[in-house]
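For reference, the chains in residue letters:
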Amino acid sequence: MSERIHSTEAAVKPRARRKFVPILTGTAILLVAAGVWLQFFRAHPAASQTAGSDVGKATLANTSTSARVLAKVNGQSITYDVVARECVSRHGQEVLDTMINRLIIQQECERRGVTVTMEEVEQEIANTAKKFNLPIDTWYKMLESERHLTREQYQQDVIWPMIALKKLAGQNVEVTEEDMRIGFERDYGTRVKARLILVDGNMRQASQIWERCQETPDDFDRIAREYSADPNTRPLGGVIPPIRMHGGSKQVEDQAFRLKPGEISPVIQVAENRYVILKCEGHTEPVVKEIREVWEDLRNQLIEEKTQKSVAKVFEEVKDQSRVDNFLTNRSTGGRPVQPAGGAVKGPAAQTVLPASGVQPATATRPGAATR
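Now for a description of the structure that goes with this document. Keep in mind that what you see is a predicted model, and the values were worked out from it rather than measured. (Residues numbered from 1 in each chain as written. Predicted model: local features only at pLDDT ≥ 70, side-chain atom pairs only at ≥ 80, totals over all residues. Heavy atoms only, no water.)

## Remarks on helix H5 (residues 136-147)
Rules: The helix count covers DSSP runs of H or I at least four residues long, the strand count covers runs of E at least two residues long, and both are numbered beginning at the N terminus. Under the convention used throughout, the expected extent of a helix is 1.5 Å for every residue step, that is, one less than its residue count. Exposed residues in this analysis have more than 50% of their type's maximum accessible area, buried residues have under 20%, and partly exposed residues fall in between, with area computed by a 1.4 Å probe over protein chains only. Here, the arc refers to the directions that run from the helix axis to the C-beta atoms.
For H5, which comprises 12 residues, the first-to-last C-alpha distance of 16 Å matches the rise-based estimate of 16 Å (1.5 Å per residue) to within 8%. For H5, every residue scored as buried is listed here: Trp139, Tyr140 and Leu143. The arc that holds every buried residue of H5, seen down its axis, measures 100°, which confines them to one face. Across H5 from its buried face, at more than 90 degrees, point the exposed residues Lys141 and Glu146.

This is the structure:
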């Protein structure tokens, strides 16, 4: 609970830092806001191919490598097949999920006739590096040191899917005057400095704690340390980042902006059996007073946010329409049930548990071969 409240009410960071976070918070894509891109993809060294004209394309062909010896210990061999099985056992589900998502995007691109060229990938990377006034080589070095992403992984595991999803979502994003007003209030407006007590329980418990706060408002920090269910703010006496408008928790914002310094809010229900009590400790000064000073930067930021939301929606729709039979986890989702020889997969499209006989042993492929 506290993470959700705090993330939406964090103070405005320097502009370069705000832009850098969505790109690097996980080596991936999607969407949304929140970081949308990053929710669906993670780069894995074994999941990359040599970049070329077929950047992003899937490689599904297998090469017999099970007998290939990768190491010997006192003459005893460790083969590729043994290493592959160990990798699948440790990381198989995560890697397979990423590969499935990539293939879903690729198939939809092929169905719609959408292509992403290596030139587009390189141009997108150049544009991103330019935003931070960094040479491309320096940008790659930063990615490798901060996110452990190689150049190839970044191109094919992050940038290619991002461009593909944007093309599938379309580019018609409009930002209205109202969007600009809300965005300006959110990012540059006055914020409420406050302390918070989170109550996990029922309304009676929350009301009892609220009454204690009303009786001794100067002891709010002590009461927060004693009763708050938020492990992050409890040791700080309930101190939270300043609350901003349009940050995500409307019921909390509405009450916070009604308070004067020293006042305590009513009990605010934020979820089932979850309640919040606020104490106002003042207000911050606006970061920028005139919207025209930041008009272009704010507009570009809102376009990106809307694009991410559109991309997230498109990806979910495409994913829901795609039939995925995952024999590693024994689950089938989306689309129409596939009927292999013998009818191994049956049941509704939403989610089918595959019979044990449908589980396929991991098949080793050549190093570097992966679904794109």
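## As for the pattern of salt bridges
Heads up, the rule is: Just to be clear on terms, a salt bridge is a Lys or Arg side-chain nitrogen sitting within 4 Å of an Asp or Glu carboxyl oxygen.
Applying the stated rule across the entire model yields 21 salt bridges. One salt bridge connects Arg102 with Asp157, and the closest N-O pair in it is separated by 3.1 Å. Note that Arg102 is positioned in helix H3 (residues 80-112) and Asp157 in helix H6 (residues 151-169), a separation of 55 residues in sequence. Side by side, Arg102 and Asp157 carry an identical accessibility label, which is buried. Note that Glu304 and Lys166 form a salt bridge whose closest N and O atoms lie 3.7 Å from each other.

## Some remarks on a nonpolar patch on the surface
Note the cut-off: Nonpolar side chains (Val, Leu, Ile, Met, Phe, Trp, Tyr) within 5 Å and like charges within 9 Å form the patches, drawn only from residues with over 30% relative accessible area and no salt bridge. Method for areas: the Shrake-Rupley scheme with a 1.4 Å probe, in which residue coverage is limited to the protein chains shown.
Together, Leu70, Val73, Ile78, Val82 and Val83 make up a nonpolar patch on the protein surface, roughly 360 Å² of accessible area in all. On the accessibility criterion, Val83 (31% relative accessible area) is partly exposed.

## Remarks on the side chain of Arg244
Our working rule: Pairs of N or O atoms are called polar contacts if they sit within 3.5 Å, as long as, within protein, a hydrogen donor faces a hydrogen acceptor (for residues adjacent in sequence, only side-chain-to-side-chain pairs).
With respect to the helices and strands, Arg244 occurs in the loop between helix H9 (220-227) and helix H10 (250-256). Looking at Arg244, the relative accessible area reads 15%, which means it is buried. Reaching out from Arg244, the side chain makes a polar contact with the side chain of Asp187 at a distance of 3.5 Å.

## Let's talk about the packing of H3 against helix H11 (residues 295-321)
Two quantities define a packed helix pair, namely the angle between the axes and the distance from one axis to the other. Heads up, the condition is: Here the axes come from fitting lines to C-alpha atoms, over the contacting stretch only for helices, and the angles between their N-to-C directions go from 0 to 180 degrees. In what follows, roughly perpendicular refers to angles from 65 to 115 degrees, roughly parallel to angles under 35, roughly antiparallel to angles over 145, and oblique to any angle outside these ranges. Note on definitions: a residue-residue contact is assigned when non-hydrogen atoms from the two residues lie within 4.5 Å. Nonpolar residues are Ala, Val, Leu, Ile, Met, Phe, Trp, Tyr, Cys and Pro. Charged residues are Asp, Glu, Lys and Arg, and all others, Gly as well, are polar.
Contact geometry of H3 with H11 gives a least axis separation of 10 Å together with a crossing angle of 90°. When the interaxial angle is binned, H3 and H11 end up roughly perpendicular. Counting all contacts with H3, which are made through Asn101, Ile104, Ile105, Glu108 and Arg112, the residues of H11 involved are Val314, Phe315, Val318 and Lys319. Its residues assigned to classes, the contact of H3 with H11 shows five nonpolar, one polar and three charged.

## Considerations on the nonpolar core
This is how the line gets drawn: Here, nonpolar core refers to any group of buried Ala, Val, Leu, Ile, Met, Phe, Trp, Tyr and Cys residues whose side-chain atoms link them within 4.5 Å.
Judged by nonpolar contacts, the single largest core of 29 residues is most densely connected at Ile105, Val121, Ile125, Trp139, Tyr154, Ile159 and Leu168. Residue assignment for this core shows that the elements contributing at least two residues are H3, helix H4 (118-131), H5, H6 and H11. With nine residues, the top contributor of residues to this core is H6. Look past the residues within four positions of Leu168 in its chain and what remains in contact with it is Ile105, Glu108, Cys109, Arg112, Val114 and Val314. The next biggest cluster of nonpolar side chains, apart from the first, holds 14 residues, and it includes Val192, Leu198, Val252 and Val276.

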